[in-house]
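Examining the three-dimensional arrangement
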Amino acid sequence: TGLTEELIHKLVNDSSIRIKWDPSLKEFYSIRDVTSNSAIFYTLTELSSFNHNRETVEQRITKTLPDGSMFTYMCSVKYPEAPHSITNKVVRTYVGGTLISKVKKDGKPFIQVKVFAQADMKFNFAIRGQAQSSVPDSMEFWAQELVTAADECIKFR
């Protein structure tokens, strides 16, 4: 099919590509490379349902595992040169990551993307009752947009 772990990783982590397909991103870019597989990223996300934008400054470390899977670990870092706005809420990512791997389902190979995060998003679910039900919808939309971007990328390879 042409879909690989590397392609999905690029669609999710290459800021010049992701900004085109992820409508929640207002800004997303690498501030500084730390090593050949690690960089500090700034992200400004628009979360209209919560009435505030969210900012993150995270270090992302990517490793290719022995089975070819790609794992990206991320956590918030303090970086004085990062832009900050007093009107946005700053998210603290305690730990997060993506695992992109080939798996088989019913004997057929496909690419599986697992996303996890432990973060303080700076909102109160008790106050915003609809927030609990909108989080799965937004993740489903993100996943659909990722699949669409992957399909488009494959067409032009």
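Residues numbered from 1 in each chain as written. Predicted model: local features only at pLDDT ≥ 70, side-chain atom pairs only at ≥ 80, totals over all residues. Heavy atoms only, no water.

1. What about unusual backbone geometry?
For the record, the criterion: Only runs of H or I of at least four residues qualify as helices and only runs of E of at least two qualify as strands under DSSP, and these elements are numbered from the N terminus. Each residue is placed in one exposure class: buried if its accessible area under a 1.4 Å probe, protein chains only, is under 20% of its type's maximum, exposed if it is over 50%, and partly exposed if it falls in between.
For Asp-106, which is not glycine, the phi torsion reads 55° and is therefore positive. Among the secondary structure elements, Asp-106 is positioned in the loop between strand S6 (92–105) and strand S7 (108–120). Judged by its relative accessible area of 73%, Asp-106 is exposed.

2. Digging into the nonpolar core
As a reminder of what qualifies: Buried residues of nine kinds, namely Ala, Val, Leu, Ile, Met, Phe, Trp, Tyr and Cys, make up a nonpolar core once their side-chain atoms join them within 4.5 Å.
Leu-7, Ile-8, Leu-11, Val-12, Trp-21, Ile-100 and Ile-111 together form the largest nonpolar core, which totals seven residues. Of all the elements, helix H1 (residues 5–13) adds the most residues to this core, at four residues. Grouped together as the second largest cluster of nonpolar side chains are six residues, Ile-40, Leu-44, Val-57 and Tyr-79 included.

3. Some words on the packing of aromatic side chains
Two aromatic rings, taken as a pair, are described by how far apart their centres are and by the angle between their planes. Rules: Pairing of aromatic rings covers Phe, Tyr and Trp, the last counted by its six-membered ring, and requires centre-to-centre distances within 6.5 Å; plane angles under 30 degrees mean stacked, over 60 mean edge-to-face, and any other angle means tilted. Geometrically, a lysine NZ or arginine CZ counts as sitting over a ring once it is within 6 Å of the ring centre and also within 35 degrees of the ring normal.
The tally for this structure, following the rule as stated, stands at three aromatic pairs. Ring centres of Phe-28 and Phe-41 lie 5.3 Å apart, and the angle between their planes is 20°; this geometry places the pair in the stacked category. Here the residue Phe-28 occupies a position in strand S1 (residues 25–35), and Phe-41 occupies one in strand S2 (residues 38–47), the gap between them amounting to 13 residues. Aromatic pair Phe-71 and Phe-116: ring centres 6.3 Å apart, planes at 15°, arrangement stacked. Of this pair, Phe-71 sits in strand S4 (residues 70–76) while Phe-116 is found in strand S7, placing the two residues 45 residues apart along the sequence. Using a relative accessible area of 25% as the deciding quantity, one classes Phe-71 as partly exposed. Judged by relative accessible area, Phe-116 falls into the partly exposed class, the value being 37%. Stacked on the ring of Phe-28, the Lys or Arg Arg-18 has its end atom at 5.5 Å from the ring centre. When the ring centre of Phe-41 is taken as origin, the NZ or CZ atom of Arg-60, which lies over that ring, is 5.2 Å away.

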